[in-house]
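Observations on the model geometry
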Amino acid sequence: MRKLFISLYVVILAVSSSFAQELGELSVQKIMRDPAWIGHSPEDFYWGENSSQLFFNWNPDNNPEDSLYSYVFSKDEIIPISHQQEMSFPDRNGVYNKARTEKLFTRNGNLFIANIDLGKKDIVIETSKRISNAGFLSNEEEIFYVIDNNIFVWEMNTGKTRQLIEFSKEAKPKEKSDKKSDKEEWLNNQQLELFSVLKERNEKDQKSEEYKENIKSKGIPTVYLDGKRLIESSISPDGNYVIYRLYISPNGDDNTIVPDYVTETGYTKDLDARSKVGGDQAYMELGVFNLNTRENSIVNIDKVEGLSQIPEFWSDYPERKKEDFESRKMIFQSPLFSDDGKYTVIDARATDNKDRWLFLLNPETAELKLIDRQRDEAWIAGPGVGYLWGGSTKGFLADNETLYFKSEESGYSHLYSVDLSKSKKNTKQLTKGNFEIYDVNLSNDKSHFYFLANPESPGIRNLYKIPVDGGEMEQITTDKGGMEYALSPDESKIALRKSTANQPWELYVMDNESNAEAKRITNSISEEFQSYKWKTPEYITFEAEDGAEVHARLYKPEGGGNGKPAVIFVHGAGYLQNAHRWWSSYFREYMFHNLLADNGYTVLDIDYRGSAGYGRDWRTGIYRHMGGKDLSDQVDGAKYLVNELEVDGDNIGIYGGSYGGFITLMALFNVAETFKSGAALRSVTDWAHYNHGYTSNILNTPVEDPIAYERSSPIYFAEGLEGNLLMCHGMVDTNVHFQDVVRLSQRLIELGKENWEMALYPVESHGFVEPSSWTDEYRRIFELFEDTLKE
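In what follows, the accompanying structure is described. (Residues numbered from 1 in each chain as written. Predicted model: local features only at pLDDT ≥ 70, side-chain atom pairs only at ≥ 80, totals over all residues. Heavy atoms only, no water.)

So, the packing of helix α9 (residues 629-645) against helix α10 (residues 659-670)
Two measures define how a pair of helices packs: the angle their axes make with one another and the distance between the axes. Relative orientation of the contacting elements α9 and α10 amounts to 70 degrees, with a least axis distance of 10 Å. Looking at the two axes, α9 sits roughly perpendicular to α10. Between α9 and α10, the contacting residues are Asp-630, Leu-631 and Gln-634 on the first element and Tyr-659, Phe-662, Ile-663, Met-666, Ala-667 and Asn-670 on the second. (Axes fitted to C-alpha atoms, helices over the stretch in contact; angles between N-to-C directions. Helix = DSSP H or I, 4+ residues; strand = E, 2+ residues; numbered from the N terminus. Parallel < 35°, antiparallel > 145°, perpendicular 65-115°, else oblique. Contact = heavy atoms within 4.5 Å.)

Some words on the sheet that holds strand β6 (residues 102-107)
Taken together, 4 strands build an open sheet; the order of strands is β5-β6-β7-β8 and the sheet is antiparallel. Of all strands in the sheet, those bounded by a partner on one side alone are β5 (95-96) and β8 (120-125). By the bridge criterion, 5 bridges tie strand β7 (residues 110-115) to β8 in an arrangement that is antiparallel. Bridge assignment links Phe-112 to a residue of β8, and that residue is Ile-123. (Pairing = 2+ DSSP bridges.)

Focus on the environment of Gly-382
Among the secondary structure elements, Gly-382 is positioned in the loop between β25 (367-375) and β26 (394-396). Each C-alpha atom of the pair Gly-382 and Asn-691 lies 20 Å from the other, and the pair is 309 residues apart in sequence. Among all residues touching Gly-382, those that are not within four sequence positions of it are Glu-408, Tyr-575 and Arg-619.

Here's the deal with unusual backbone geometry
Backbone geometry places Asn-133, a non-glycine residue, at a positive phi of 50 degrees. Position of Asn-133 relative to the elements: it lies in strand β9 (residues 131-136). Here the phi dihedral of Arg-624 falls at roughly 65 degrees; this positive angle occurs in a residue that is not glycine. On the secondary structure map, Arg-624 appears in the loop between α8 (616-619) and α9.

Brief notes about the pattern of salt bridges
Within this structure, the stated rule accounts for 43 salt bridges. The salt bridge involving Arg-375 is made with Asp-355; its shortest N-O contact spans 2.4 Å. Taken together, the residues span a long stretch of sequence, with Arg-375 in strand β25 and Asp-355 in strand β24 (residues 355-362) at a distance of 20 residues. Here Arg-520 ties to Glu-506 by a salt bridge, and the two come within 3.1 Å at their closest N and O atoms. One end of the pair, Arg-520, is in strand β37 (residues 519-520); the other, Glu-506, is in strand β36 (residues 503-511), with 14 residues separating them in the sequence. Taking the relative accessible area as the measure of exposure, Glu-506 reaches 2% and is therefore buried. (Salt bridge = Lys/Arg side-chain N within 4 Å of Asp/Glu carboxyl O. Buried < 20%, exposed > 50% of the residue type's maximum accessible area, 1.4 Å probe, protein only.)

A look at α9
For α9, built from 17 residues, the straight-helix expectation of 24 Å at 1.5 Å per residue is met to within 8% by its first-to-last C-alpha distance of 23 Å. Those residues of α9 that fall on the buried side of the exposure criterion are Asp-630, Leu-631, Ser-632, Asp-633, Gln-634, Val-635, Asp-636, Gly-637, Ala-638, Tyr-640, Leu-641 and Leu-645. Just downstream of α9, Glu-646 is the residue with a positive phi angle, here 60 degrees. (Expected span 1.5 Å × (residues − 1).)

Digging into the nonpolar core
Ranked by internal contacts, the top residues of the largest apolar core, which has 66 residues, are Phe-675 and Leu-725. Per-element accounting of this core gives the leading share, 8 residues, to α10. When near neighbours in sequence (up to four residues on either side) are disregarded, Phe-675 contacts Ile-568, Gln-634, Val-635, Ala-638, Ile-652, Gly-653, Ile-654, Ala-667 and Leu-668. (Core = buried A, V, L, I, M, F, W, Y, C linked by side-chain atoms within 4.5 Å.)

Structural notes on helix α11 (residues 692-699)
With respect to burial, α11 is a largely interior element, 6 of its 8 residues being buried. Turning to α11, its buried residues number three or more, namely His-692, Thr-695, Ser-696, Asn-697, Ile-698 and Leu-699. Contacts from the buried residues of α11 go to α12 (706-712). With a side-chain oxygen lying 3.0 Å from the backbone nitrogen of Tyr-694, the N-terminal cap of α11 falls on Asn-691. Asn-700 sits one or two positions beyond α11 and adopts a positive phi of about 60 degrees. (Polar contact = N/O pair within 3.5 Å; in protein donor to acceptor, adjacent residues only side chain to side chain.)

Some thoughts on the pairing of strand β15 (residues 229-235)
The side chains of a regular strand alternate, first on one face of the sheet and then on the other. Within β15, 5 of the 7 residues are buried, which leaves the element mostly enclosed by the surrounding structure. Counted between consecutive antiparallel strands, the loop separating β15 from strand β16 (residues 241-248) contains 5 residues, among which Gly-239 sits at a positive phi close to 75 degrees.

Concerning the packing of aromatic side chains
Applying the stated criterion across every chain, the model contains 43 aromatic pairs. Between Tyr-71 and Phe-73, the ring centres sit 4.9 Å apart and the planes meet at 75 degrees, which makes this aromatic pair edge-to-face. The buried category is assigned to Tyr-71, whose relative accessible area is 4%. Ring geometry for Tyr-145 versus Phe-152: centroids 5.5 Å apart, planes at 10 degrees, classification stacked. Just as Tyr-145 is buried, Phe-152 falls in that class too. Joined through ring pairs, the aromatic side chains of Phe-569, Tyr-586, Phe-592, Tyr-655, Tyr-761, Phe-768, Trp-774, Tyr-778, Phe-782 and Phe-785 make up one cluster. Lying across the ring of Tyr-96, Arg-100 places its NZ or CZ 4.0 Å from the centre. One cation-aromatic arrangement involves Arg-461 over Tyr-438; the distance from NZ or CZ to the ring centre is 3.6 Å. (Phe/Tyr/Trp six-rings, centres within 6.5 Å; stacked < 30°, edge-to-face > 60°. Lys NZ or Arg CZ within 6 Å of the ring centre and 35° of its normal.)

Observations regarding the sheet that holds strand β39 (residues 549-555)
A sheet is described by the order of its strands in space; here 8 strands give the open sequence β38-β39-β41-β40-β42-β43-β44-β45, paired in mixed fashion. A strand with exactly one partner marks an edge of an open sheet, and here the two such strands are β38 (538-543) and β45 (756-761). Taken over all neighbouring pairs, the strand axes of this sheet differ in orientation by 20 degrees on average, direction set aside. Across the sheet, α10 is in contact with β40 (566-570), β42 (652-657), β43 (677-681) and β44 (724-730); its angle to β42 comes to roughly 145 degrees.

Some points on the pairing of β7
Summarising burial for β7: 5 of the 6 residues are buried, a large majority. Both β6 and β7 contribute to a ladder of 6 bridges, which runs antiparallel. Residue pairing for β7: Leu-104 is matched across the bridge by Ile-113. Adjacent in sequence and paired antiparallel, β6 and β7 are bridged by 2 residues, among which Asn-108 carries a positive phi angle near 55 degrees. Between β7 and the antiparallel strand that follows it, β8, lie 4 residues; Gly-119 among them carries a positive phi value of about 70 degrees.

What follows is the structure in structure tokens.
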């Protein structure tokens, strides 16, 4: 009897297990679980040094954390890599010598050198302090490295180490004044003439001081920073110059406080958070130290072209005078050196991010010569162009004279080159067309560029290559989704991480040939996820009120949308793309849209004005008016649903988080005739209370451009609320502060509005973490639409 019971128990378990693999009918509770139920896609893939192994982080067994795995080509199998094994390999990041036979890398703060051919590594410098920014000098007989921004050199043949420079936070000591009055000078001379002992002592003292100065001049030179913050120091490849960047931050930067109420101690804890947009902002100075002459210089920017150019938005304020405009400061990125050390390129931005300059720096004179200037009355950005503080794509070709870089000069982010050896400007555009290119890499022999691009459609990215002097783009892959790529060290193979709209990311490998077959090497997705027939959204375009073509994802219910309600989803971040054909970072929302469609809703997910992937004009279409064209695109999307799909125009909802929450508020407050209900999640309600870096790009600052802020902030339009509003916000949100919805709530209370409610999440920041929070939030959104859009 006992054996029979055990057998039945096993059978029941097996049957239960098989049922557990079936997702069945969608519900908020199912799709908002810990994402582990979907599976764990491989991430952070990179090649081993000899091209025979591909490493990646993975978690096929649903462990608490991802761990390292390797695909071994000779065995065609995936094996787990222990931590001990991982530490035996060179680090994935590092610097190679010219022949790529040796590699420098840092690990746990120490400096190592690896012999690629022999497959071994040796420690070069072991220290309790962190080593950074290591590399080979051009003679490849010396290695430089940085500790506490002080530069050291290690001689490979002798093993000797010497420090090249010392940076001190202190002000330069004042030199003692030896100047004497006429009376003192006469008395001093008289004493020396009368008393030989005094004369001899004086001569000894002078010789001693001269000796000390001589010794000091041969010692480690010191650069005094006078309280300024040193953020980086770099040495030129010839070892003659140190280029350094200083960060100057104004005093009185008013950071905000975010209270954390649910803590382990039981006491409320104040979290330090960012300041609000506006006020005096940090800037940089660029310094050059000549290691031979020991001369130190700060680069003069007074003559930089366009630095004092008045922005066009000033014309909206006729009371302002030209002399009121203060010349801008600058932000400098890390110097770029040609391999032979002949050229030093400086990438710089104006502090308002309306100008980007590429300069040639003459380290001997510390003077700048203009290579290229990009001016944007909105703000400088774009794929590979970077942001104010971020890096950008640029480098040197094999001749050490041709600089390549990315620019939006044509209206789209493309590759350009310029020959620095020529006196006349000779900038050449290498890639051309109404599309963007991404993730540019130069081949080992520096004959070709590899990159991702979207010429077929803004939502499809494939791998291409092109000769470094331009010409026809050669398409390597022909997928209909999205991908990331990594070339093997010998460039014979390509690793790809690919996905589609309804299938998460997996790893593939292929030969480096056009249209070569890509072999899938991982299977990461759970049977439960695959048991449901997830929708591939339709990719549609509609015409905006100004004639622009707007791209969107469309989810249709069974039987079509005629007479049924609809929901428009607004992605966050503003500058982000979601109407693409790969697995979305908004995967929870993707599943929620499947749930909505299953319940009779038509769902539209729009890449509105300001979204990524569509070029400069689309990116800056929201300049000085958030809630302008980005909002009218949602309205035009609703019109498309009514006119083309015959949805119920009286029952259209809208929702989104962060920037999407902001648009939701603007929609309910300003176009109540279009949207009946909306859920605004972690929303910006007043742009004057958001951060500086993001907001000042788009709206300038509240003091400089109050018009832009007043027409862009929902709090000024709250009286327009007529429909049904749900607001959800994390109380420890250090990005969009909880204060935002508190202020708007008070405004709604004072206006006597009744058809709104707010859900608070005490343990959540901007991006929710807990499945219980996600479930509660989306249950409320679903119930809002069910209760108000279905009559």
